[in-house]
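Structural description and commentary
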Amino acid sequence: MIDNLSNDWNGYLKPEANKSYFKQLEYFIQLERQMSNIFPSSGLVFNALQLCSFANTKIVIIGQDPYHGLGQANGLAFSVNEGVKLPPSLKNIFKELNADLGIRISNSGNLQSWANQGVLLINSILTVKENTPSSHKDRGWEQFTDTLISLLSDQKNHLVFMLWGAYAQEKGKIIDSQKHLVLMAPHPSPFSAHKGFLGCKHFSKANQYLLKNNLSEIIWNV
């Protein structure tokens, strides 16, 4: 699977492809695709990495696993394809953007424009069975995404990590907060957004940090 990456991530992550856990993961997904609808499609599993190279990464937003409804997942955390109804968490992300930076709430949930600017929208688990959330949990993806987050933390400086909810915040243990800005808030889900995600101002804080470190800010409009 990693061979499909055509940018610098290929070199960074190639060693993982030879590890036994990853070979087992590949075999598991291959079998799953023969029996069920698995999202996203095979060509989009590494879309977040393909659209946002290691060198260009400035901000990391960590999700849990892909949307499990037909036609939703496009390989970017929290993002959906054009024409797909906005999921509740994404609606709250757009509400916070509007309150924080006055950005118009978009009808499109495709966040590719963020990825193109250096926002790595990475889920901890990169595949899911249709209508079965967390179905590919504990199969190896978590080890893989821990590795790539560690690479970013160790080898880059002045990144912004947005960790929303307890699951994403677990990843915070492998991030060097002395070198990077780590922003934490409750998950944007309707169950928790009102507990501190709405009003967190992560988007303006991220841009202020980037500018302070002589990096270009993100244009958050979708």
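Our structure's up above, just so we're on the same page.
Just so you know, these numbers come straight off a predicted model, no measurement behind them.

So, how was this worked out
- Residues numbered from 1 in each chain as written.
- Predicted model: local features only at pLDDT ≥ 70, side-chain atom pairs only at ≥ 80, totals over all residues.
- Heavy atoms only, no water.
- Phe/Tyr/Trp six-rings, centres within 6.5 Å; stacked < 30°, edge-to-face > 60°.
- Buried < 20%, exposed > 50% of the residue type's maximum accessible area, 1.4 Å probe, protein only.
- Helix = DSSP H or I, 4+ residues; strand = E, 2+ residues; numbered from the N terminus.
- Lys NZ or Arg CZ within 6 Å of the ring centre and 35° of its normal.
- Salt bridge = Lys/Arg side-chain N within 4 Å of Asp/Glu carboxyl O.

Any aromatic ring pair is given by two values, namely how distant the centres are and how the planes are angled relative to each other. One pass over the structure, following the stated rule, counts 15 aromatic pairs. For the pair Y21 and F22, a centre-to-centre distance of 6.1 Å together with 85° between the ring planes defines the contact as edge-to-face. Note on Y21: relative accessible area 10%, which makes it buried. Both rings, one in F22 and one in W141, keep their centres 6.2 Å apart while their planes meet at 85°; by these two values the pair is edge-to-face. Here the residue F22 occupies a position in helix α2 (residues 20-35), and W141 occupies one in helix α6 (residues 141-155), the gap between them amounting to 119 residues. Relative accessible area serves as the criterion here: at 0%, W141 is assigned to the buried category. Taking the ring centre of F28 as reference, the NZ or CZ of R139 above it sits at 4.1 Å. The ring of F54 carries the charged tip of K156 above its face, separated from the ring centre by 5.4 Å.

Applying the stated rule across the entire model yields four salt bridges. The shortest N-O distance in the salt bridge between D138 and K137 comes to 3.3 Å.

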